[in-house]
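Chains, contacts and geometry: an overview
Here is what each chain is made of, one letter per residue.
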Amino acid sequence: MRYDYVIVGAGLYGAVFAHEAHKKGKRCLVLDRRDHVAGNVYTEEVEGIQVHRYGAHIFHTSDPAVWAYVNRFATFNHYINAPVANYKGELYNLPFNMNTFNRMWGVITPREAEEKIRSQIAAAGITAPRNLEEQAIALVGTDIYEKLIKGYTEKQWGRPCTELSPSIIKRLPVRMTFDNNYFNDPYQGIPEGGYTAMVEKLLEGIEVRLGVDFLQERERYCALGDRIVFTGCIDAYFGYCYGPLQYRNVRFETEVLDIPNYQGNAVINYTDRETPYTRVIEHKHFAFGKQPKTVISREYSAEWQVGEEAYYPVQNEETGALYARYRSLAAKEKNVLFGGRLGEFQYYDMDKVIARALEAVRAELGLTE
Ligand code: UDP
C-alpha cells in the first residue's frame with residue numbers, strides 16, 4: 001500500500017493536515033512515536049476528570065475561522081483562564097490588571113496604578129527595552145517584575161531575564177480594568193470530553209500507527225509515501241548535523257488527592273525562585289468538575305537534552321541563526337513539509353498551529369479555502 005501522505009506526528013498539526021487531505025480523497029498514514037494520538041494536547045480520564053497529561057491547554061483564538069473549525073470536532077465549554085500567582089504566600093490575580101495593582105500597592109483607580117508604574121519605569125531608567133527584564137519593567141514596573149515575573153520566567157526558561165527575548169512577555173496582557181481573563185481573544189474554552197476525543201474525531205477514517213519512531217525507520221516509511229509531513233523537531237530530522245537547537249522540557253508530578261478541591265483554581269503559578277515548580281494545575285477546574293476526588297500536577301521546567309521530549313522552542317538570536325540553517329536544508333527536501341511548533345521551531349499556540357496546518361494543506365492541495 002502506498003500513501004499520498006505519510007504524516008509524522010499525531011498532534012494538532014498532523015491531525016488537521018491528515019483530516020483535510022483525507023477529505024479530498026488523499027491516502028494518509030499518520031505515525032506517532034507515542035502510544036496515543038493528540039501529541040501534547042493529549043488528555044486522559046482519571047477519576048472522571050480529564051487530565052492534561054502534558055500540561056494545561058486552554059484553547060483561545062481571535063480567528064473566527066479557526067474557532068468555527070475546532071467547533072466542528074468538539075463542543076467547547078465556557079472556561080475562561082484566570083490564573084493566580086502565589087508569591088511566598090501572597091496571592092495576586094493574573095494577568096496584570098487592576099486587581100493585581102490593588103493587591104500590590106493598594107491603588108484604587110487606573111490613574112493611580114499608571115502613576116505608580118510610570119514612576120517605577122522612570123526610576124529604572126528604561127527607554128527602549130532590549131531584553132525581557134527591561135520589557136517587563138517597561139510594561140508593569142519593578143515591583144511586579146520582581147515578585148511576579150523574574151522568578152517564574154527564570155524557572156520556566158532556565159536563563160536570566162536579561163538574556164531572554166522581550167517578545168515572551170509581550171504575550172501577556174496588561175490591563176487597567178478589573179478583568180482577570182488571561183487572554184484578550186474573543187473565543188476561548190476547553191473541549192468537553194477532552195482534547196483526545198477532538199483529535200480522534202479529526203483522525204476518523206485515517207490509518208494511524210502508534211509506537212512508530214519515524215526517524216528510526218525512515219527509509220521504510222519514506223518508501224511508503226509520496227510526500228512526508230514532518231511535525232517533529234527539525235534539527236532531529238537532519239540528525240542535528242549543525243548541532244541541536246534549544247528547547248525546554250517540562251516534567252509533571254501528578255497526584256490524585258482524596259479531597260474535592262485542592263487549590264480552588266485550575267492554575268496557580270509559583271512566581272518565587274525557591275519553589276522548584278512553576279505552576280500547579282488542578283485539572284477538574286478546567287471543566288467545573290464536581291467529582292469527589294481531585295487530580296493535581298506540579299510542573300517542573302528543565303533544559304532539554306537530545307533524546308528527550310521537546311516542549312518549548314527557545315527562540316533567541318543564536319537559535320534563530322541555527323534554525324535558518326536547518327530551514328535551508330529543509331527547502332532542499334522537495335518531498336517533505338515541516339510543520340507545527342517543533343517542525344517550524346516557533347512558540348505557537350494551538351490556534352496558530354491549526355491555522356498553519358490549514359494553510360499548508362490548502363496550498364498543498366491547491367485549494368482556495
Ligand atoms: N509569566 C510571568 N509570570 C507568570 C506567568 C507568566 O512572568 O506568572 C511570563 C513568563 O515570562 C512566561 C510568559 O509570561 O514565559 C508566558 O507565560 P504563559 O504562562 O503564557 O506561557 P505558556 O507556558 O502557557 O505558553
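Report follows, based on the coordinates. On a predicted model such as this, the values are computed, not experimentally measured, just so you know.

The subject of this paragraph is empty space enclosed by the protein. Under the counting rule described, the total for this entry stands at 1 cavity of 30 Å³ or more. Its volume calculated, the largest cavity comes out at about 30 Å³. For the largest cavity, the full set of lining residues is Tyr152, Gln156, Val250, Thr278, Arg279, Glu299, Ser301 and Tyr312. Counting only elements with at least two residues in the lining of the largest cavity, the list comes to helix 5 (132-157) and strand 14 (294-303). Partitioning the lining of the largest cavity into residue classes produces 3 nonpolar, 3 polar and 2 charged.

Here we take up the layout of surface pockets. The volume enclosed by the second largest pocket comes to roughly 190 Å³. Looking at the second largest pocket, it is lined by 19 residues, and the ones nearest its centre are Gly48, Ile49, Gln50, Gly193 and Ala287. Broken down by element, the residue count for the lining of the second largest pocket peaks at 3 residues, all from strand 4 (residues 49-52). Here the residues of the lining of the second largest pocket sort into 6 nonpolar, 10 polar and 3 charged.

All right, on to the pairing of strand 3 (residues 43-46) then. As paired elements, strand 3 and strand 4 share 4 bridges and run antiparallel to each other. Of the residues in strand 4, the one forming a bridge with Val46 is Ile49.

This part is about the environment of Gly193. Mapping Gly193 onto the fold places it in the loop between strand 8 (187-189) and helix 6 (195-202). Along the sequence, Gly193 and Phe76 sit 117 residues apart, while their C-alpha atoms lie 9.2 Å from each other.

Here we take up the site of the ligand. Lining the immediate surroundings of the ligand are 17 residues, of which Leu148, Thr153, Trp157, Tyr312 and Tyr347 lie closest. Side-chain polar atom of Tyr347 to an oxygen atom of the ligand: 2.6 Å apart, as the coordinates give it. In isolation the ligand offers 520 Å² of accessible surface; the protein chains occlude 92% of this area. Of the residues forming the shell around the ligand, the biggest block, 6 residues, is contributed by helix 5. Taken together, the residues of the shell around the ligand break down into 11 nonpolar, 4 polar and 2 charged.

We now examine the sheet that holds strand 1 (residues 3-8). Spatial ordering of the open sheet is given by 9-2-1-10-16, a layout of 5 strands whose pairing is parallel. In this open sheet, the two edge strands, each paired with only one partner strand, are strand 9 (207-210) and strand 16 (336-338). Mean inter-strand twist for the sheet, computed between neighbouring axes without regard to direction, equals 20 degrees. With 4 bridges joining them, strand 2 (residues 28-32) and strand 9 adopt parallel strand pairing. Residue pairing in the sheet places Val30 in a bridge with Val208 of strand 9.

So, how was this worked out
- Residue positions are given per chain, counted from 1 along the sequence in the order it is written.
- pLDDT decides what is reported in this predicted model: residues at 70 or higher carry local features, side-chain atom pairs at 80 or more are listed and counted, and totals for whole chains, interfaces and linings draw on all residues regardless.
- Processing note: side-chain calculations cover all non-hydrogen atoms of the structure and skip hydrogens and water entirely.
- Using a grid of 1 Å spacing that covers the protein atoms alone, one calls a set of points a cavity when a 1.4 Å probe fits there but cannot get out, and a pocket when the set is open and has protein on both sides within 12 Å along at least five of seven lines; lining residues are those with an atom within 4 Å of a point.
- Grid points are joined across faces, edges and corners, and a volume is the space filled by probe spheres set on the points.
- Runs of H or I in DSSP of at least four residues are treated as helices and runs of E of at least two as strands, each being numbered from the N terminus.
- In the scheme used here, Gly and all other residues not listed as nonpolar or charged are polar, with Ala, Val, Leu, Ile, Met, Phe, Trp, Tyr, Cys and Pro taken as nonpolar and Asp, Glu, Lys and Arg as charged.
- Pairing between strands is defined by DSSP: at least two bridges between them are needed.
- Only a single heavy atom is needed: when it lies within 4 Å of a molecule or strand, its residue is near that molecule or strand.
- Definition of a polar contact: a pair of N or O atoms within 3.5 Å, with one able to donate and the other able to accept a hydrogen when the atoms are protein atoms, and with sequence-neighbouring residues admitted only if both atoms are side-chain atoms.
- Using the Shrake-Rupley algorithm and a 1.4 Å probe, accessible areas are obtained, with residue cover drawn only from the displayed protein chains.
- Interaxial angles span 0 to 180 degrees and are taken between N-to-C directions of axes, which are lines fitted to C-alpha atoms, for helices over the stretch in contact.

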